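# Descriptive analysis of the structure
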Amino acid sequence: MTNDSFAPAGVRVPDSKLARETTELVRDSTSELIYHHSRRVYFFGSLQGVDRGLSFDPELLYIAAMFHDLGLGEPFHGSGRRFEVDSADEARRFLQAHRVPEDSIRRVWTAIALHTTPGIPEFMEPEVALVTAGVEYDVLGIGYHDLDEADRAEVVAAHPRPGFKRRILDAFTDGIRSKPATTFGNVKADVLAHYVPGFERGDFVRTILDSPWAE
């Protein structure tokens with residue numbers, strides 16, 4: 001059961017073959033934690049889009065939200081790439097197989113790839129901006145009081161978040177501990193610094209000073 005009749009503030013999951021297959025794929029290939037989180041990202045992102053008066057494609061936003069954490073899964077632990085890129089590439093393969101136009105694929109790929117890079121997505125296409133907004137709302141609580149309390153409660157009732165803070169941090173740690181170099185310069189370095197003994201952050205200043213250039 002996917003609760004696709006659920007519509008807080010009139011926001012519904014798109015009723016399309018592509019959206020249904022997305023739901024099935026993500027539900028079957030990720031944990032319950034990631035599935036419910038991804039659904040909330042769509043609803044919270046959509047609600048913020050409505051509040052901001054943005055014109056966005058609900059289907060593209062839904063697909064990007066649902067795929068955004070797929071790269072945390074075990075099949076990608078040895079990829080050597082940022083999990084965001086693994087997630088984005090999986091979404092691109094899925095959309096290409098369904099012959100989705102390249103511009104739409106680009107938007108979804110970018111929305112996923114940049115969702116942990118604050119300060120940039122908000123200035124891009126609405127779908128890109130709103131995936132990050134949904135993630136920041138659900139994970140970080142940014143803009144928590146900007147949405148109606150009743151709408152927020154309805155979303156959480158449909159997609160609960162028991163112990164979410166610790167559980168999502170565990171999922172992040174498990175998803176990236178095998179490729180620590182991919183956290184250089186991004187927020188996931190904080191996760192490994194907290195939860196992986198012996199982790200050493202990449203240092204941007206030392207990288208410059210220790211480069212092969214004489215000066």
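The structure we're discussing is the one just above.
Below or above, wherever it landed, is the structure these notes cover. (Residues numbered from 1 in each chain as written. Predicted model: local features only at pLDDT ≥ 70, side-chain atom pairs only at ≥ 80, totals over all residues. Heavy atoms only, no water.)

### Regarding the side chain of glutamate 125
- Considering the arrangement of structural elements, one finds glutamate 125 in the loop between helix H5 (102-113) and helix H6 (126-140).
- Overall, the relative accessible area of 18% leaves glutamate 125 in the buried class.
- The residues contacting glutamate 125, other than those within four sequence positions of it, are Arg106 and Arg107. (Helix = DSSP H or I, 4+ residues; strand = E, 2+ residues; numbered from the N terminus. Buried < 20%, exposed > 50% of the residue type's maximum accessible area, 1.4 Å probe, protein only. Contact = heavy atoms within 4.5 Å.)

### A few points about the environment of histidine 37
- Mapped onto the elements, histidine 37 comes out in helix H2 (residues 32-52).
- Of the residues examined, histidine 37 reaches a relative accessible area of 0% and is grouped as buried.
- Sequence-wise, histidine 37 and methionine 66 are 29 residues apart; in three dimensions their C-alpha atoms are separated by 8.6 Å.
- A polar side-chain atom of histidine 37 sits 2.7 Å from a polar atom in the side chain of aspartate 138. (Polar contact = N/O pair within 3.5 Å; in protein donor to acceptor, adjacent residues only side chain to side chain.)

### Considerations on the pattern of salt bridges
- In the structure shown here, the tally under the stated rule is 16 salt bridges.
- Notably, a salt bridge pairs arginine 20 with aspartate 15, separated by 2.8 Å at the nearest N-O pair.
- On the basis of relative accessible area, arginine 20 is assigned to the partly exposed category, the value being 41%. (Salt bridge = Lys/Arg side-chain N within 4 Å of Asp/Glu carboxyl O.)

### Description of H6
- A rise of 1.5 Å per residue sets the reference length of H6, with its 15 residues, at 21 Å; its end C-alpha atoms lie 20 Å apart and thus fit the reference within 8%.
- By the criterion of burial, H6 is predominantly enclosed, with 12 of the 15 residues buried.
- Residues of H6 that are buried include every one of Pro126, Glu127, Val128, Ala129, Leu130, Val131, Thr132, Ala133, Gly134, Val135, Tyr137 and Asp138, and no others.
- Buried positions along H6 lie against H2, helix H3 (58-67), H5, helix H7 (149-158) and helix H8 (164-176). (Expected span 1.5 Å × (residues − 1).)

### Some points on the nonpolar core
- Of all hydrophobic cores here, the largest spans 41 residues; its most connected members are Tyr42, Phe43, Phe67, Leu95, Val108 and Ile112.
- Looking at this core, the elements with two or more residues in it are helix H1 (17-29), H2, H3, helix H4 (83-97), H5, H6 and H7.
- It is H3 that provides the largest number of residues to this core, a total of eight residues.
- If you look at the next biggest cluster of nonpolar residues, it comprises 14 residues, including Phe164, Ala189, Val191 and Leu192. (Core = buried A, V, L, I, M, F, W, Y, C linked by side-chain atoms within 4.5 Å.)

Purely spatial values, then, with no claim about function.
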